[in-house]
Amino acid sequence: MIVNINIGLLGHVDSGKTSLAKALSTISSTAAFDKNPQSKERGITLDLGFSAVVLESPAQVKSQNEQIKQLQLTFVDCPGHASLIRTIIGGAQIIDLMLLVIDVQKGVQTQTAECVVIGGLLKRKLIVVINKIDLVEAQQQNIVLTKLEKKLRKALMAASFSENFPIFRVSAQTGQGIQELLNGMKNEIHIPVRLPEKPLVMYIDHCFSIRGQGTICTGTIVQGQLKINDFIELPAIGEQRKVKSLQMFKRPVQSATMGDRVGVCVTQFNAKQLERGILCQPGYIQTVYAAVILLERVKYYKFALKSKGKFHVSVGHDTVMARITLFKSLTNQREFNINEEYEYIDEIGPSSSEIQPTQNECSIFTLLEFERPVFAISNAILIASKLDLDAHSNCCRLAFWGNIKWFSSSVNYLKEHLMLWRIFKNKQKQGTVQRLLNSQEIIVQNLFKKDNNRELFVGKHVQLSTGETGIIASTFGQTSKVKITFSECLKSETLKILKEGGTNNILVILKYKKYTFNKNAAQTTAMPTYNGGGSCCAGAVQQPVYLVPVQPVVMQSSKGKGKKHG
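As the structure is a prediction and not an experimental result, all values here were calculated from the model.

Rules used throughout
- Residues numbered from 1 in each chain as written.
- Predicted model: local features only at pLDDT ≥ 70, side-chain atom pairs only at ≥ 80, totals over all residues.
- Heavy atoms only, no water.
- Helix = DSSP H or I, 4+ residues; strand = E, 2+ residues; numbered from the N terminus.
- Buried < 20%, exposed > 50% of the residue type's maximum accessible area, 1.4 Å probe, protein only.
- Core = buried A, V, L, I, M, F, W, Y, C linked by side-chain atoms within 4.5 Å.
- Contact = heavy atoms within 4.5 Å.
- Phe/Tyr/Trp six-rings, centres within 6.5 Å; stacked < 30°, edge-to-face > 60°.
- Lys NZ or Arg CZ within 6 Å of the ring centre and 35° of its normal.
- Axes fitted to C-alpha atoms, helices over the stretch in contact; angles between N-to-C directions.
- Parallel < 35°, antiparallel > 145°, perpendicular 65-115°, else oblique.
- Nonpolar A, V, L, I, M, F, W, Y, C, P; charged D, E, K, R; others polar.
- Pairing = 2+ DSSP bridges.
- Salt bridge = Lys/Arg side-chain N within 4 Å of Asp/Glu carboxyl O.
- Arc of directions from axis to C-beta.
- Disulfide = S-S within 2.5 Å.

## With respect to the overall build of the chain
On a plain count of helices and strands, the chain comes out with 9 helices and 36 strands. The proportion of buried residues among the 566 residues of the chain is 52%.

Written out as structure tokens, the structure is:
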């Protein structure tokens, strides 16, 4: 029995990743070692490359499953150029173990750091490879390498990696240290948890047609298994096809399972429609127009996160622009519940204490509204980047990430879902007393603007700066005034001020919650009681009320003419 392990080679451009993949491999695919003509012309890796080597199973693997006689290590050669970060993110999501390749003469560079961030957030096991050691003078080699290793351990431990990761010194050009690296990889490998019983999901990285045979989709199975004659779906083009044949590195097979890199031959379709994407069990994956994740901030991102800002969001091999809305739980619940209340967040600064919730803090969620729909499995990882930043600047472009907690497959998700959500902003209006009617009624001015719909706030609670709490009983007149009533008489000190003409000295404060996605929902904040006075709103905060304008009461005058009562 042979089991496949996917090993990603990540690092800065020109660190020697492709040369290292070639030195480690004995099997190549049609997409290995920069066979793309543009890659040869430019001298850099432009796309994912795949090659492999077959080794005897080490002892720790046989102890997991004695039937596993051999391991196939599939090397995923990721680009290192800053402009190809989308491809790097896609490649990192299909690997089981990460080789971080460092140029001995340059050390940690900008894209090295971004690769470290990607590996860290995806929780990939790490092996560090210092390459090009043949370029260091033999007499200075040990001193230089020892110093570099200390720097690397310090930097990677700060990035939340364990201090136990191994470091190997190699020269891909001369072959020095390659066998030691292969032996080291064998010792570090444990068979990952595979889920062959789940519905099929495969990330496609290349797609091309062969005349007379069909269309070939190559990629990695990330969930489930696949057999010849199975029916599969290509959600991006809305097509279903029958599997005609399967190959692993040009070797025909009858089936493939989670973790395997495989070429799938299906009946003909236009390969140009699907450069990258997802292949799945029919009906399993739905279109995602909007999603919610629990925010995990990348601590190296130097800029603020702002609601309504736009980020490039990667899921699998696809990257789509999305607008974000930030909001936080009022408890420390890390699962999103559409029936709970959440507080809207305008902005999170780069050093905000709200970034990483602790036991006494609240979890922060992010709503992502995609400019075009994506296809993703439930609980998929979404990685958000700011790719319009200068690719050559010394800053991390990866901003945040998280697993999907909720998503909508409806293009009308705003009306069908978001309008029912209770994500609110705390708001406050302030006015003054215009005149005293009696000991339990006052007229208030300037609490609303002339164009405000005052009827929406009838029945809501207000508080005087002297402490009393009352209710907006009705609108008053045709401008912006309202009548406030109190369940008990105003305090004697308040009455004295009002009767002596000090109405402008008493403020009237309306605190309420404005619901972000439903402009017709309003809720006042509970007001505390004052000593010696009653309060008709003491206790729990009211549930939100979906309001309609209150019709003015028509009073019949003695002359028989209808008169609107304010």
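## Description of the nonpolar core
Within the largest apolar cluster, 76 residues are counted, with the highest numbers of intra-cluster contacts made by L305, L368, F370, L382 and F400. The residues contacting L305, other than those within four sequence positions of it, are L295, R297, F311, L326, D346, E347, I348, A399 and F400. If you look at the next biggest cluster of nonpolar residues, it comprises 28 residues, including V3, L71, L99 and A172.

## Examining the packing of aromatic side chains
Tallied over the entire structure, the rule returns 15 aromatic pairs. Members of the aromatic cluster, joined through ring pairs, are F327, F336, Y342, F365, W406, W421 and F517. Just above the ring of F165 sits the side chain of R153; from NZ or CZ to the centre is 4.8 Å. The ring of F50 has R261 lying over it, and the distance from NZ or CZ to the ring centre is 3.3 Å.

## Brief notes about helix 4 (residues 85-92)
Of all the 8 residues making up helix 4, 7 are buried; the element is thus mostly covered by neighbouring parts of the structure. Looking at helix 4, one finds that the buried residues are I85, T87, I88, I89, G90, G91 and A92. Packed against the buried residues of helix 4 are strand 1 (2-10), strand 4 (70-77), helix 5 (110-121), strand 20 (310-315), strand 25 (381-385) and strand 26 (398-408).

## Examining the packing of helix 1 (residues 17-24) against helix 7 (residues 178-188)
With their axes 10 Å apart at the nearest point, helix 1 and helix 7 run at an angle of 80° to one another. The orientation of helix 1 relative to helix 7 falls into the category roughly perpendicular. Contacts from L20, A23 and L24 of helix 1 reach helix 7 at I178, L181, L182 and M185. Taken together, the residues that form the contact of helix 1 with helix 7 break down as 7 nonpolar, no polar and no charged.

## Looking at the sheet that holds strand 7 (residues 167-169)
The 7 strands lie next to each other as 2-3-4-1-5-6-7, forming an open sheet whose pairing is mixed. This sheet does not close on itself; its edge strands, each paired only once, are strand 2 (27-28) and strand 7. The sheet contact formed by strand 3 (residues 49-56) and strand 4 spans 8 bridges and is antiparallel. Looking at the pairing, V54 lines up with Q72 of strand 4. Along the sheet, helix 7 makes contact with strand 1, strand 3, strand 4, strand 5 (97-103), strand 6 (125-131) and strand 7, crossing strand 6 at roughly 170°.

## Description of the environment of Y344
You can see Y344 is positioned in strand 22 (residues 341-345). When the C-alpha positions of Y344 and T516 are compared, they lie 7.6 Å apart, and in sequence the two are 172 residues distant.

## Some remarks on unusual backbone geometry
The bulk of non-glycine residues show a negative phi, and the bulk of peptide bonds are trans. Non-glycine residue N229 carries a positive phi angle of around 80°. For N229, the position within the fold is in the loop between strand 10 (225-227) and strand 11 (231-234). With phi around 65°, N446 is a residue other than glycine that occupies positive phi space. Topologically, N446 is positioned in the loop between strand 28 (441-445) and strand 29 (461-464).

## Structural notes on the pattern of salt bridges
Scanning all chains against the criterion turns up 14 salt bridges. Measuring nitrogen to oxygen at the nearest pair gives 2.8 Å for the salt bridge that ties R169 to E149. Of this pair, R169 sits in strand 7 while E149 sits in helix 6 (residues 138-158), placing them 20 residues apart in sequence. According to the relative accessible area criterion, R169 is partly exposed, its value standing at 29%. With a closest N to O distance of 3.1 Å, K310 and E371 form a salt bridge. On the criterion of sequence distance, the pair formed by K310 in strand 20 and E371 in strand 24 (residues 364-375) is long-range, its members being 61 residues apart. A relative accessible area of 41% means that K310 is categorised as partly exposed. In this structure E371 comes out as exposed when scored by relative accessible area, which is 53%. The network of salt bridges with shared partners includes E341, R422 and K513.

## Topic: helix 1
Among the residues of helix 1, K17, T18, L20, A21 and L24 are the ones counted as buried. For helix 1, the angular spread of the buried residues around the axis is 160°, confining them to a single face.

## Side note on the state of the cysteines
Within the structure shown, the criterion is met by 0 disulfides. In this model C217 remains outside any disulfide bridge; the closest cysteine sulfur is found in C207, 3.8 Å from its own. A relative accessible area of 0% places C217 in the buried class.

Read these as spatial facts, not as claims about activity.
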